[in-house]
Structures are given as C-alpha cells and as structure tokens.
Amino acid sequence: MIKVVSLFLIGMLVLAMFGKLRFPGQKRLQSMKCERCGRYRIGSGPCACGKGKG
C-alpha cells in the first residue's frame, strides 16, 4: 500500500514539474491576443472586435 501511494505521489510530482515548463513561442502567442476581448488576431490588422489595435 505504501509503495502504491509513493508511486502516485512521485507521478504527481513529475506532472507538476512538466506543468511549470515554459514552451518556446509562448510569449509570441500571448502578444497575438487582443488586449480588449482576448481573441487571437490573425495577420497584422486590427482585431475583429474593432476595439483592439493591430
């Protein structure tokens, strides 16, 4: 029983470490979002909501 619990906790620890990783290109994806509505902008034009600047 102790072996199963310890393996479960180790597995959760490994998943937590992978969850904290930052993937390449993540900052670029965040900058592609509209500041007002949060939708992704496609291209260099303004957002479809008409409020965000492009």
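In this convention, every chain numbers its residues from 1, walking through the sequence in written order. Local features in a predicted model are, by the rule used here, given only for residues with pLDDT of at least 70; side-chain atom pairs are given and counted only at 80 or more, and totals for whole chains, interfaces and linings are based on all residues. Calculation of side-chain values draws on the structure's entire complement of heavy atoms; hydrogens and water are dropped beforehand.

A.B. asks: With reference to specific residues and values, describe the overall build of the protein.
C.D. replies: Runs of H or I in DSSP of at least four residues are treated as helices and runs of E of at least two as strands, each being numbered from the N terminus. Of regular secondary structure, the protein possesses two helices and zero strands. Summary of the burial criterion: residues with accessible area below 20% of their type's maximum are buried, those above 50% are exposed, and those between are partly exposed, where the area comes from a 1.4 Å probe applied to protein chains only. Relative to its 54 residues, the protein shows a buried fraction of 7%. Summed over its atoms, the accessible surface of the protein is roughly 5,200 Å², and 67% of this surface lies on carbon and sulfur atoms. To be clear on the numbers: accessible area is Shrake-Rupley with a 1.4 Å probe, and residue cover counts the displayed protein chains and nothing else.

A.B. asks: Could you give an account of a nonpolar patch on the surface, naming the residues involved and the relevant values?
C.D. replies: To count toward a patch, a residue needs a relative accessible area above 30% and no salt bridge. Like charges then connect within 9 Å, nonpolar side chains (Val, Leu, Ile, Met, Phe, Trp, Tyr) within 5 Å. A pairing counts as a salt bridge when a side-chain nitrogen of Lys or Arg comes within 4 Å of a carboxyl oxygen of Asp or Glu. Judged by side-chain polarity, Met-1, Val-5, Phe-8, Leu-9, Met-12 and Leu-15 come together as a nonpolar surface patch covering roughly 700 Å² of accessible area. By relative accessible area, Phe-8 is classed as exposed at 53%.

A.B. asks: Can you lay out helix H1 (residues 2-19) for me, pointing to particular residues and giving the numbers?
C.D. replies: Here H1 is 18 residues long and its end C-alpha atoms lie 26 Å apart, about the 26 Å a rise of 1.5 Å per residue gives. Burial of H1 is sparse: only zero of the 18 residues sit out of reach of the surface. Multiplying one less than the number of residues by 1.5 Å gives the expected span of a helix.

A.B. asks: Tell me what's going on with the state of the cysteines, and back it up with residues and numbers.
C.D. replies: Cysteine sulfur atoms that come within 2.5 Å of each other are treated as a disulfide pair. Counted by the stated rule, this structure contains zero disulfides. Cys-34 forms no disulfide, and the closest cysteine sulfur to it belongs to Cys-37, at a distance of 3.7 Å. Residue classification places Cys-34 among the buried positions, given a relative accessible area of 4%. Take Cys-47: it sits in no disulfide, and the sulfur closest to it among the cysteines is that of Cys-49, at 3.5 Å. You can call Cys-47 buried: its relative accessible area is 8%.

In short, the description is geometric, and any link to function would need to be established separately.
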